Amino acid sequence: MPRPIYATIYPAAVAHNLSAAKQASAQSGANVWATIKANAYGHGIERIFSGLREADGLAMLDFAEAALVRSLGWQKPILMLEGCFSAEDYALAQALDLTVVVHHQAQIEWLLQAQLTQKINVYLKMNSGMNRVGFAPSRYQAAFDALKSAEQVESITLMTHFANADLPDGVAKPLQIFNQTTAKIMADFPQTQRSCSNSAAILQHPDAHFDWVRPGIMTYGGTPIGASSAASFGLMPAMSLHAQLIAIQELQAGDAVGYGSRFVATQSMRIGVVACGYADGYPRHAPDGTPVMVDGVVTRLVGRVSMDMLMVDLSPVAHAAVGSAVELWGAQIAIDDVASAAGTIGYELMCALAPRVPVNVAL
Ligand SMILES: *Cc1c(COP(=O)(O)O)cnc(C)c1O
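Just so you know, these numbers come straight off a predicted model, no measurement behind them.

Notes on the overall build of the protein
Then comes step 1: Looking only at helices and strands, the protein has 11 helices and 18 strands in total.
Then comes step 2: Viewed in the frame of its principal axes, the protein has a C-alpha envelope of about 75 × 40 × 35 Å.
Then comes step 3: The buried share of the protein, taken over its 363 residues, is 51%.
Then comes step 4: Taking contacts inside the protein between residues at least 6 apart in sequence as the whole, the part at least 24 apart equals 63%.
Then comes step 5: About 15800 Å² of surface is accessible on the protein, with carbon and sulfur atoms providing 52% of the total.
Then comes step 6: Charge-centre separation for the protein: the mean point of 22 positive side chains lies 2 Å from the mean point of 29 negative side chains.

Comments concerning the side chain of asparagine 127
Then comes step 1: Checked against the element boundaries, asparagine 127 lands in the loop between strand 6 (120-126) and helix 7 (137-148).
Then comes step 2: Residue classification places asparagine 127 among the buried positions, given a relative accessible area of 14%.
Then comes step 3: Among the polar contacts listed, one links the side chain of asparagine 127 to the backbone nitrogen of methionine 130, at a separation of 3.4 Å.
Then comes step 4: Only 2.8 Å separates the side chain of asparagine 127 from the side chain of asparagine 131, close enough to count as a polar contact.
Then comes step 5: When sequence neighbours within four positions are dropped, the list of residues in contact with asparagine 127 reads Val133, Gly134, Phe135, Ala136 and Pro137.

Things to note about the domain arrangement of the protein
Then comes step 1: What the domain assignment lists for the protein is domain 1 (11-223) and domain 2 (239-361).
Then comes step 2: Distance from the C-alpha centre of domain 1 to the C-alpha centre of domain 2: 38 Å.
Then comes step 3: Across the boundary between the two partners, domain 1 contributes 11 residues, which contact 8 residues of domain 2.
Then comes step 4: For the pair domain 1 and domain 2, the two sides together bury roughly 900 Å², of which 72% comes from carbon and sulfur.
Then comes step 5: On the domain 1 side of the interface with domain 2, the three residues burying the most area are Tyr41, Arg47 and Ile217, jointly 48% of the side's total.
Then comes step 6: Counting across the domain 1 and domain 2 interface gives 0 salt bridges.
Then comes step 7: Where domain 1 packs against domain 2, one counts 1 residue pair in polar contact (both at pLDDT 80 or more).
Then comes step 8: Taken together, the residues of the side of domain 1 that touches domain 2 break down into 5 nonpolar, 5 polar and 1 charged.

Quick look at the environment of isoleucine 45
Then comes step 1: The topology assignment puts isoleucine 45 in helix 3 (residues 45-48).
Then comes step 2: Given a relative accessible area of 0%, isoleucine 45 falls into the buried group.
Then comes step 3: Linking isoleucine 45 and valine 69, residues 24 residues apart in sequence, is a C-alpha distance of 7.8 Å.
Then comes step 4: Those residues in contact with isoleucine 45 that lie beyond four places of it in its chain are Ile36, Asn39, Ala40, Glu65, Leu68, Val69 and Leu72.

Quick look at the packing of aromatic side chains
Then comes step 1: For the coordinates displayed, the defined rule picks out 9 aromatic pairs.
Then comes step 2: Look at tyrosine 282 and tryptophan 329: their rings are 6.1 Å apart centre to centre, the planes differ by 15°, and that puts the pair in the stacked class. One end of the pair, tyrosine 282, is in the loop between strand 13 (269-274) and strand 14 (291-294); the other, tryptophan 329, is in strand 17 (residues 325-329), with 47 residues separating them in the sequence.
Then comes step 3: The exposure class of tyrosine 282 is buried, given its relative accessible area of 2%.
Then comes step 4: Of note, lysine 148 hangs over the ring of phenylalanine 189, and the distance from its end group to the ring centre comes to 4.2 Å.

With respect to the packing of helix 6 (residues 105-113) against helix 7
Then comes step 1: As a packed pair, helix 6 and helix 7 sit with axes 11 Å apart at the nearest point and diverge in direction by 10°. Considered as vectors, helix 6 and helix 7 are oriented roughly parallel to each other. For the pair helix 6 and helix 7, the contacting residues are Ile108, Leu111 and Leu112 in the first and Ala143, Ala146 and Leu147 in the second.
Then comes step 2: Partitioning the contact of helix 6 with helix 7 into residue classes produces 6 nonpolar, no polar and no charged.

Some thoughts on the side chain of glutamate 327
Then comes step 1: When you line up the elements, glutamate 327 lands in strand 17.
Then comes step 2: No salt bridge forms around the buried glutamate 327; measuring N to O, its nearest opposite-charge neighbour arginine 3 is 17 Å away.
Then comes step 3: At 3.2 Å, the side chain of glutamate 327 forms a polar contact with the backbone nitrogen of glycine 330.
Then comes step 4: Excluding anything up to four places from it in sequence, glutamate 327 contacts Leu241, His242, Val292, Met293, Gln332 and Ile333.

Conventions we followed
- Residues numbered from 1 in each chain as written.
- Predicted model: local features only at pLDDT ≥ 70, side-chain atom pairs only at ≥ 80, totals over all residues.
- Heavy atoms only, no water.
- Helix = DSSP H or I, 4+ residues; strand = E, 2+ residues; numbered from the N terminus.
- Buried < 20%, exposed > 50% of the residue type's maximum accessible area, 1.4 Å probe, protein only.
- Contact = heavy atoms within 4.5 Å.
- Areas by Shrake-Rupley, 256 points an atom, 1.4 Å probe, with all protein chains shown as cover.
- Lys, Arg positive; Asp, Glu negative; His and termini not counted.
- Charge placed at Lys NZ, Arg CZ, Asp CG, Glu CD.
- Polar contact = N/O pair within 3.5 Å; in protein donor to acceptor, adjacent residues only side chain to side chain.
- Domains from an automatic or database assignment.
- Buried area = accessible area lost by both parts, 1.4 Å probe.
- Salt bridge = Lys/Arg side-chain N within 4 Å of Asp/Glu carboxyl O.
- Nonpolar A, V, L, I, M, F, W, Y, C, P; charged D, E, K, R; others polar.
- Phe/Tyr/Trp six-rings, centres within 6.5 Å; stacked < 30°, edge-to-face > 60°.
- Lys NZ or Arg CZ within 6 Å of the ring centre and 35° of its normal.
- Axes fitted to C-alpha atoms, helices over the stretch in contact; angles between N-to-C directions.
- Parallel < 35°, antiparallel > 145°, perpendicular 65-115°, else oblique.

Dropping the structure here:
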């Protein structure tokens, strides 16, 4: 038989989570950009595609992914979150009917020089304090004016991205900067649309919802807010990772487990060896105590994670045997709990699922 490890992807959970995003932003009536960059946060665009149907648009940043979703039949808008990487990309954007972010001056110049047969929709991005991409507030109006008078431009949506939307008052300052900087544009052109919110802002900052929200992690059933579980927001995991026990060891007090002998038994105990390691995408930094479910019972990781195996405490699972089912993350073990034990976030674990892991799609 194949090595006993597999991931399962749940498009129905994606559909459920997108409707949760829609509901959370119902007050502003915002449209939803399902954010599917990084191959849908590691889930696989094609695998979750059926779950995206109700989204108003798809946001990503790789032109190959945009071409893929068009080839799959997606006819609604597509937003390129980093815009064009070269002047030539505008022709591609036009051919695929993409909406493109404009976040630096060269992108404006390429656009003004582009020979387009159709006008293009753009998102004008402001740097409201994250200092990653976007026009400084002092340059935003000029960038808007340049685009407004460009014959290549159909519509301009005003956009920013928050660095701290996961904090209770994390958007107050950037939102004030955004609102202040865009006040004249909104007065001159009151129909102008705006888009600011990632998952964290969708869930806790309704004042930032505006016309289009951009849920990423919540689409996949992960929490964007470390202190609150995804389940507390009514989200469902779109990925699970399962394996089996492939060996059992009986330890005596003083016996050590795995590389570096990090875990040492204080009494006699049984441990199970799971067919999952860091080469499958399980975080090597997971400490002793990281939750793992064996045969329906929550237990703990013991010892360092190896490339192809990890070990678990079978003390609470007397009936466990070779072949017992193990959930590394999924409906019972929140991916966010594994991530936080390992000092990272669910986003990283989703994206790191290794290509060698076989993947099923739940229908
Ligand atoms: C990734 C991304 C999002 C989605 O963020 P989440 O925290 O995953 O919801 C939204 N907007 C932009 C610009 C992004 O890059």
